[in-house]
Amino acid sequence: QVQLVESGGGLVQAGGSLRLSCAHSRGLSGINAMGWYRQVPGKQRELVATITSGSSTNYSDSVKGRFTISRDNARNTVYLQMNSLKPEDTAVYYCTLTVYGTNYWGKGTLVTVSS
């Protein structure tokens with residue numbers, strides 16, 4: 001069983017920055033990709049950013065140029081640096097790990113951006 005623990009969420013003013021972290025219990029073996037999704041109550045969970053085992057990254061259009069996904073293999077951690085935050089970025093952010101094609105999810109961390 002893979003465990004994921006997110007941290008770094010909180011309240012920030014528009015234009016500010018936050019860095020989310022996700023520590024996982026899995027080593028490097030079998031990891032296909034890691035990523036971040038977000039969800040607002042009443043809406044579907046949406047992709048924010050992903051990073052593959054080959055370090056290819058993908059971002060949603062709404063965060064491109066503002067958010068950066070990265071990982072530290074030595075620390076089994078994936079990060080999401082969020083800059084120039086907007087009120088519409090307010091959501092619960094979930095970390096995900098794909099291992100041999102199976103997706104694992106963290107419990108989420110709340111990000112609130114005030115205007």
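For the structure, see preceding data.
Here the residue numbering is sequential within each chain, running from 1 through the sequence in written order. Where local features are concerned, this predicted model is filtered to residues with pLDDT of at least 70; where side-chain atom pairs are given and counted, the filter is 80 or more; whole-chain, interface and lining totals use all residues. The basis for every side-chain value is the complete set of heavy atoms in the structure, and neither hydrogens nor water enter the calculation.

Draft legend 1. Main features of the pairing of strand β8 (residues 77-82). Remark: exposure states derive from per-residue accessible area (1.4 Å probe, protein chains only) relative to the maximum for the residue type, with buried under 20%, exposed over 50%, and partly exposed in between. Secondary structure elements are taken from DSSP: a helix is a run of H or I of four residues or more, a strand is a run of E of two residues or more, and numbering for both begins at the N terminus. With 5 of 6 residues buried, β8 lies mostly within the body of the structure. We call two strands paired when DSSP finds no fewer than two bridges between them. Note that strand β3 (residues 18-24) and β8 share 6 bridges and pair antiparallel. Its bridge partner lying in β8, Cys 22 is registered against Val 78. As paired strands, strand β7 (residues 67-72) and β8 are joined by 6 bridges and run antiparallel to one another. Pairing of Arg 71 across the sheet is with Val 78, part of β8. Linkage of β7 to β8, two consecutive antiparallel strands, is achieved through a turn of 4 residues, within which Asn 76 is found at a positive phi near 50 degrees.

Draft legend 2. Local environment of the pattern of salt bridges. For this analysis, a salt bridge means a side-chain nitrogen from Lys or Arg found within 4 Å of a carboxyl oxygen belonging to Asp or Glu. Summed over the entire model, instances satisfying the criterion amount to 5 salt bridges. Of the charged contacts in the structure, one is a salt bridge between Arg 66 and Asp 89, with a shortest N-O distance of 2.8 Å. With Arg 66 in the loop between β6 (57-59) and β7 and Asp 89 in the loop between β8 and β9 (91-99), the pair connects residues that are 23 residues apart, well separated along the chain. Of the two residues, Arg 66 and Asp 89, both sit in the buried class. With a closest N to O distance of 3.3 Å, Arg 75 and Asp 72 form a salt bridge. The network of salt bridges with shared partners includes Arg 38, Glu 46, Arg 66 and Asp 89.

Draft legend 3. Region of the structure containing the nonpolar core. Membership of the largest hydrophobic core comes to 27 residues, with the highest contact counts inside it found for Trp 36, Leu 80, Met 82 and Tyr 93. Residue assignment for this core shows that the elements contributing at least two residues are β3, β4 (31-39), β5 (46-52), β7, β8, β9 and β11 (109-114). Every residue pair with non-hydrogen atoms within 4.5 Å of one another is taken to be in contact. Setting aside chain neighbours within four positions, we find Tyr 93 in contact with Glu 6, Leu 20, Trp 36, Tyr 37, Arg 38, Val 48, Phe 67, Leu 80, Met 82, Gly 108, Thr 109 and Val 111. The nonpolar core is taken to be a set of buried Ala, Val, Leu, Ile, Met, Phe, Trp, Tyr and Cys residues, with the residues joined through side-chain atoms within 4.5 Å.

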